[in-house]
Amino acid sequence: MSRRGRLILFGTSAGVFGAILVWGLTGLPAFGGFNGEYGQIVNGVAGRERHVTNVVAAIVFDYRGFDTLGEEFILFGAVMGVALLLREARDDRERPRDEVRSDAVRAVGLAMVGPTVVFGLFIVAHGYLTPGGGFQGGIALASALVLLYASGRYRAFRAASPQELVDFTEGIGAGGYAVVGIASLLAGSLYLQNFVGLGTKDTLAAGGTIALLNAATALAVAAGMTLLCHEFLEEVMYPE
């Protein structure tokens, strides 16, 4: 196909998809408006029933916690698939020198590593009290490690996140979520139903098993994203 033909095909496809998108968006409620009955009910009872102030966390880790278990293992399977496809016996090769040579970039980037870790931990710890949670906090924690590469060097990134430890943490995070559900069954409850005290509302000790599931999710997401960065950076450092 000629260059002109490809451009015509691309333009036509873009126009068709754009029209479908506009058609799909017509008739939606006004921005900020929501009339869903289920959402209104949960918004009214979640704080009282689960002792959390972040209703999203109550939904994700309690009311529909089994769905989130599926999402956890989708992420786990995706990360493991990437690792199996890209991982090779590369540990014996000597890494090339890849240090960032700009003093300003190194100073600012490395100085941000600590605050980014603290910020990630804060998002995880307060995930069921304020907007945030294990998914968001896990990404922040992984980005702190990536800063070591972006503002320092690849060796520093690998030293701070040993591959064996990252693999183990990924398994602990995904498996820990499932184990909480098994513990619920052993305690005589339904799978993933809360079986511990709900604690005091507006405190870090609130939420019962929501806090445990939130922490397990943070481990799985942080380790999963770090593992993906490991594999992709290895491909960049050692192209075929």
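One can find the structure itself at the top, above this paragraph.
No experiment lies behind these values; they were computed from the predicted model shown.

Cut-offs and rules
Residues numbered from 1 in each chain as written. Predicted model: local features only at pLDDT ≥ 70, side-chain atom pairs only at ≥ 80, totals over all residues. Heavy atoms only, no water. Patch = residues over 30% accessible without salt bridge, like charges linked within 9 Å, V, L, I, M, F, W, Y side chains within 5 Å. Areas by Shrake-Rupley, 256 points an atom, 1.4 Å probe, with all protein chains shown as cover. Salt bridge = Lys/Arg side-chain N within 4 Å of Asp/Glu carboxyl O. Helix = DSSP H or I, 4+ residues; strand = E, 2+ residues; numbered from the N terminus. Expected span 1.5 Å × (residues − 1). Buried < 20%, exposed > 50% of the residue type's maximum accessible area, 1.4 Å probe, protein only. Phe/Tyr/Trp six-rings, centres within 6.5 Å; stacked < 30°, edge-to-face > 60°.

1. Here's the deal with a nonpolar patch on the surface
Next up, step 1: On the surface, a nonpolar cluster with roughly 500 Å² of combined accessible area is contributed by Val16, Phe17, Ile20 and Trp23.
Next up, step 2: Within the element layout of this structure, Val16 appears in helix H1 (residues 3–25).

2. Structural notes on helix H9 (residues 163–186)
Next up, step 1: Under the 1.5 Å per step criterion, the end-to-end length of H9 is 34 Å for 24 residues, consistent within 8% with the ideal 34 Å.
Next up, step 2: Those residues of H9 that sit buried are Gln163, Val166, Glu170, Gly173, Ala174, Tyr177, Ala178, Val180, Gly181 and Ser184.
Next up, step 3: Just beyond H9, the residue with positive phi is Gly188, at close to 90 degrees.

3. Some details on the packing of aromatic side chains
Next up, step 1: Per the stated rule, a full pass over the model turns up two aromatic pairs.
Next up, step 2: Ring geometry for Phe66 versus Tyr191: centroids 6.0 Å apart, planes at 80 degrees, classification edge-to-face. Pair noted here: Phe66 is in helix H4 (residues 65–86) and Tyr191 is in the loop between H9 and helix H10 (209–237), with a separation of 125 residues, a long-range link.
Next up, step 3: Judged by relative accessible area, which is 27%, Tyr191 ranks as partly exposed.
Next up, step 4: Considering the side-chain rings of Phe73 and Phe76, the 6.1 Å spacing of their centres and the 70 degrees angle between planes classify their relative orientation as edge-to-face. One end of the pair is Phe73 and the other is Phe76, both in helix H4 and three residues apart, which spans about a single turn.
Next up, step 5: The exposure class assigned to Phe73 is partly exposed, which follows from its relative accessible area of 38%.

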